[in-house]
Amino acid sequence: MIAEAGLAALWLAAAFALVQLVLAWGAARAGTSARSEHDERQSFSSEEEKNGASTSSARTTSGGAAPMTALRRIALVQGLLALLSFVLLIALFVRSDMSVVLVAENSHSLKPMIYKVAGAWGNHEGSMLLWVTVLAAAGAGVAMFERRLAVGTLAATLGAQAAIGLGFYAFLAFASNPFVRLDPAAPDGRGLNPLLQDPGLAFHPPTLYLGYVGLSVAFSFAVGALLMRDVGPAFAKAMRPWVLAAWIFLTIGITAGSYWAYYELGWGGWWFWDPVENASLMPWLAATALLHSVTVLATRDGLRAWTLMLALVAFAMSMIGTFLVRSGILVSVHAFAVDPTRGTFILALLGIYIGGALALFGARVGTITQGSTFQLVSREGALVLNNLLLSVILGVVFIGTLYPLAAQAAGVQLSIGAPFFNKALVPVALALAVATAAGPLLRWRRDNMNALAKRALVPAAAAGGAFAVIFALVGGAHFVSVLAIALAVGLGVASVVPVVRRNLRRTPLHVWGMVIAHLGVAVSIAGMAADSAFKTERLAAISVGQNVTVGPFRVTLADVHPAIGPNWSALEARLQVRRGDGEMFELFPQQRFFSTPPTNTNEAAITTLLDGQLYTVLGQGDAQGRWQIRLWWKPFVTLIWLGGGLIALGGLLALIGRVRRERRADAEAEE
Amino acid sequence: MRRVLLWAPLVLFALVFALVASGLLRPADRTVHSAMVGKPLPALALPALLPGKPGIASAELKGKPRLLNVFASWCIPCIAEAPQLMKLKQAGVEIDAIAIRDTPEAVQAFLASNGDPYARIGDDKASRAQLALGSSGVPETFVIDAAGRIAYQHIGDVRADDVPMLLAQLEKAK
């Protein structure tokens, strides 16, 4: 019964989405002729709006009130139904109901409970249901909490959200039904890919999905704003928390995914420029640009068309990412179940939504008046530079990801990897680091170069000093990496300048957020540069009792013994490690054998020290009793993910700060 | 100008859409074809792997069409294609071989249990000859024509229904 109930809930949610779309259409049309009170207030608060689009003077919040109330409730019910459907799917996995195809193919009754639950979204159908659930829940969230936007714009936004939802409901119902029964039921399941049996899986995909789908809210806001020709600070302030939230989740998802690949795949690398990784990076780049441009729009009412464009692009990148992952048209290490029908379906949705939205953009954005302008040397100027550089990076990643496809259309086979991306992106990324350092040192609207130079003196000196010291220590062999570390030091110092000599308790939370996020960028860059310049690798075949050195470590293979876990057995090496004359410690890398499905995995053993990580992998044994041992010493590699964590934390502080401030402003306005 | 620019994103999107749609309609050919097909055999001089069986020298692979089989004792599909190679040998085809990253003992054992269709076996310890041929895996089988040119490349194991096709290719390569 559970499976049937889940499917019924899904169909009901789809029906509510349809009603939501129709109602939104009506409410938005009513809203065109009646603008809300709140919008009015915003119009007068910004001087440029006087001759702008909002000329209506009807102060009728009640004009669209009844349909709006209904619309809000319908969006809430739709969200709850989708959530119910997803909870029922999890219940099927928890009960190991092998009469459901999806459970039989992706789960096993003997799996640890956490992986049974995670198994619900560790497959195509379940992950798409998760996607649609988050989409519906986000729509419900907008409907319940958004009070700032003009009624018509909110209605149009909810309509756009419903339209997106309908497409994905159709995709689930017609091409990826997760509730299909298996008759007769399987005696037991086939198990979950062992690589995915890791706490990382429990969090990585849902986090990314929350990010992707959060961007769909930004997309819906942009479509709503375009439909109603209502682009201004109020729109930006309404959209910003959603962009921030999506961006935080994307940051966490990418950081966690990178670390997961690093320790689980046993290759010693943390980023492979794989199409699926790029698919998560591209929306993040667009969202990062959007985050900064939406701030210009909210604070200074500038960059209207550009912000709309970015909101559309960010979600387009999420959808293209989903398409690339699910269609299998590109060669990737992420082997998802590939199905051309599904690929075609997602491509059709992509064409309808993104094509439609871009057509709307072309037709409407000309009628949106230009926002306020600013001087080149100003905070806005730096943010525009940031946006341009991020767009360049996005463009390079996009071209690099799709180029093999274009080459294939021309009859040439090739693949594009790290050498291209590193060569093309490192200079742009370093320029971006400089812009990131300079931006917060500038004043809004107008500033001058001399003042900037004065404020940048300390960070620049720090960067120069760091460069001189490291260069003297290691020489010119790793020039780019040394430069990157120096710039990271400069950026780190520059990022804390905005809170220096300020009353720290009175510093707004969102400023702290910016400071911490920018500091995180510096930390992450330093980690990447240190790893690429200073890592040492050693591959050796040694017998028990022999030793091998890597970096400052001497590693002895003490013995190799069998080990056993809940659903795997393993060969485990005992490595005794000594650094110089320091304390000896042990590491236990494993080769694991899973029986359901039969798979071998390498479990790297990693020790984290203050100045880096020692990464050890046990390889094959040979006939002479020697074992392949692969060792990496990676100085300061942990900074990469620490930086990622700081970036996300900064985003979270900014989000809390913004939401609290808006609440306070709303409360004061009502008094 | 500004009007045109506003439609640029849609045009760009349409192009990307067409590109990925074409990728979807024409599933990619994931095999790596050799760029050497139609060209003379690269200069190879591989030492003999087994006593009593000569190695490979490009200059000697001329005069009549033959097969050049890239194999390894550690390769499972190579076991699967062994009966077909024996059949080709019985049909009078000369088959020379390049053993990839292998040892004499292992190859000896492999031939003892799967049959030995080879006239020559060259020892390619570091896959250099394999790369020179434009081969990206094992097994692969090249048809070398009478003039010493690479006439055809067969990727993967030789199945039973590939045998007539290979015989036809050899006929064409005379």
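Since we're looking at a predicted model, the values are computed, not measured.

A.B. asks: Would you explain the sheet that holds strand β4 (residues 95-100) of chain B in this entry?
C.D. replies: Sheet strands pair by backbone hydrogen bonding; their relative direction is either parallel or antiparallel. Residues and elements named next belong to chain B. Strand order in the open sheet formed by 5 strands is β5-β4-β3-β6-β7, with mixed pairing between adjacent strands. Two strands lie at the open edges of the sheet, namely β5 (118-124) and β7 (150-155), each paired on one side alone. For this sheet the average axis-to-axis angle between neighbouring strands, irrespective of direction, equals 20 degrees. Taken together, the 6 bridges between β4 and β5 define a ladder with parallel strand orientation. Residue Ala97 lies in a different strand from β5, and its bridge partner there is Ile121. Sitting on the sheet, helix α2 (residues 76-90) touches β3 (66-71), β4, β5 and β6 (140-144), and the angle it makes with β3 is about 165 degrees. Contacts from helix α3 (residues 104-114) reach β3, β4 and β5 within the one sheet, and its direction differs from that of β5 by about 150 degrees.

A.B. asks: Could you clarify how one ought to interpret the nonpolar core in this entry?
C.D. replies: Note on soluble globular proteins: their nonpolar side chains tend to be buried together. Among the nonpolar cores identified, the biggest contains 158 residues, and Phe168(A) and Leu308(A) are the most heavily contacted of them. No other element matches the 15 residues that helix α8 (residues 199-228) of chain A contributes to this core. In contact with Leu308(A), other than residues within four places in its own chain, are Ala222(A), Ala225(A), Leu226(A), Val231(A), Phe235(A), Phe361(A), Val365(A) and Ile368(A). Counting residues in each nonpolar core, the second largest holds 39 residues, with Leu68(B), Cys78(B), Leu111(B) and Phe142(B) among its members.

A.B. asks: Any chance you could explain the confidence of the model for chain B here in plain terms?
C.D. replies: Low pLDDT marks regions whose predicted coordinates should not be analysed in detail. For chain B, per-residue confidence averages 89 on the pLDDT scale, and residues scoring 70 or more make up 96% of the total. Both scores are given for the predicted complex: the pTM is 0.83, the ipTM 0.78.

A.B. asks: Sorry if this is basic, but what is going on with the interface of chain A and chain B here?
C.D. replies: The extent of an interface is frequently quoted as the accessible surface area lost upon association of the parts. Between chain A and chain B, the contact holds 30 residues from the first and 22 residues from the second. Looking only at chain A, the three residues that lose the most surface to chain B are Leu347(A), Gln408(A) and Gln413(A), adding up to 23% of its buried area. The tally of links from chain A across to chain B stands at 0 salt bridges. At the junction of chain A with chain B, the criterion picks out 0 residue pairs in polar contact (both at pLDDT 80 or more). At the level of secondary structure, the elements contributing two or more residues to the side of chain A that touches chain B comprise α11 (304-327), α12 (340-364) and α13 (379-409) of chain A. In terms of residue count, the dominant contributor to the side of chain A that touches chain B is α12(A) (13 residues). Of the residues that constitute the side of chain A that touches chain B, the class distribution is 20 nonpolar, 10 polar and no charged.

A.B. asks: What am I meant to see in the confidence of the model for chain A here?
C.D. replies: Residue and element names in this part refer to chain A. For chain A, the average pLDDT comes to 86, and 92% of its residues sit at 70 or higher. Here helix α2 (residues 37-45) stands out as the element of chain A with the lowest mean pLDDT, 40, in contrast to helix α18 (residues 509-534), whose mean of 94 is the highest. This model gives residues 35-63 a pLDDT under 50, and the stretch forms 42 contacts once residues within four places in sequence are excluded.

A.B. asks: Please clarify how unusual backbone geometry should be interpreted in this entry.
C.D. replies: In terms of backbone geometry, most residues other than glycine have negative phi values and most peptide bonds are trans. Residue and element names in this part refer to chain A. A cis geometry characterises the amide bond from Asp183 onward to Pro184, with omega recorded as 0 degrees. Counting through the fold element by element, Pro184 comes out in the loop between α7 (151-175) and α8. Look at Phe636: it is not a glycine, yet its phi comes out positive at around 60 degrees. With respect to the helices, strands and loops of the structure, Phe636 is situated in the loop between β10 (627-635) and α19 (639-670).

A.B. asks: It is not clear to me how the packing of aromatic side chains should be interpreted in this structure. Could you clarify?
C.D. replies: Aromatic ring pairs are described here by two measures, namely the spacing of the ring centres and the angle between the planes. Residue and element names in this part refer to chain A. Under the definition given, this model contains 24 aromatic pairs over all chains. Relative to Phe345, the ring of Phe171 has its centre 5.2 Å away and its plane inclined at 55 degrees; by these criteria the two rings are tilted. Here Phe171 is found in helix α7, whereas its partner Phe345 is found in helix α12, with 174 residues between them in sequence. Given a relative accessible area of 0%, Phe171 falls into the buried group. Considering the side-chain rings of Tyr259 and Tyr263, the 5.3 Å spacing of their centres and the 55 degrees angle between planes classify their relative orientation as tilted. Of this pair, Tyr259 and Tyr263 both sit in helix α9 (residues 233-264), separated by 4 residues, roughly a single helical turn. On the accessibility criterion, Tyr259 (26% relative accessible area) is partly exposed. The partly exposed category is assigned to Tyr263, whose relative accessible area is 21%.

Rules used throughout
Residues numbered from 1 in each chain as written. Chains lettered and ligands numbered in written order. Predicted model: local features only at pLDDT ≥ 70, side-chain atom pairs only at ≥ 80, totals over all residues. Heavy atoms only, no water. Pairing = 2+ DSSP bridges. Helix = DSSP H or I, 4+ residues; strand = E, 2+ residues; numbered from the N terminus. Axes fitted to C-alpha atoms, helices over the stretch in contact; angles between N-to-C directions. Contact = heavy atoms within 4.5 Å. Core = buried A, V, L, I, M, F, W, Y, C linked by side-chain atoms within 4.5 Å. Buried < 20%, exposed > 50% of the residue type's maximum accessible area, 1.4 Å probe, protein only. pLDDT = per-residue confidence, 0-100. Buried area = accessible area lost by both parts, 1.4 Å probe. Salt bridge = Lys/Arg side-chain N within 4 Å of Asp/Glu carboxyl O. Polar contact = N/O pair within 3.5 Å; in protein donor to acceptor, adjacent residues only side chain to side chain. Nonpolar A, V, L, I, M, F, W, Y, C, P; charged D, E, K, R; others polar. Phe/Tyr/Trp six-rings, centres within 6.5 Å; stacked < 30°, edge-to-face > 60°.

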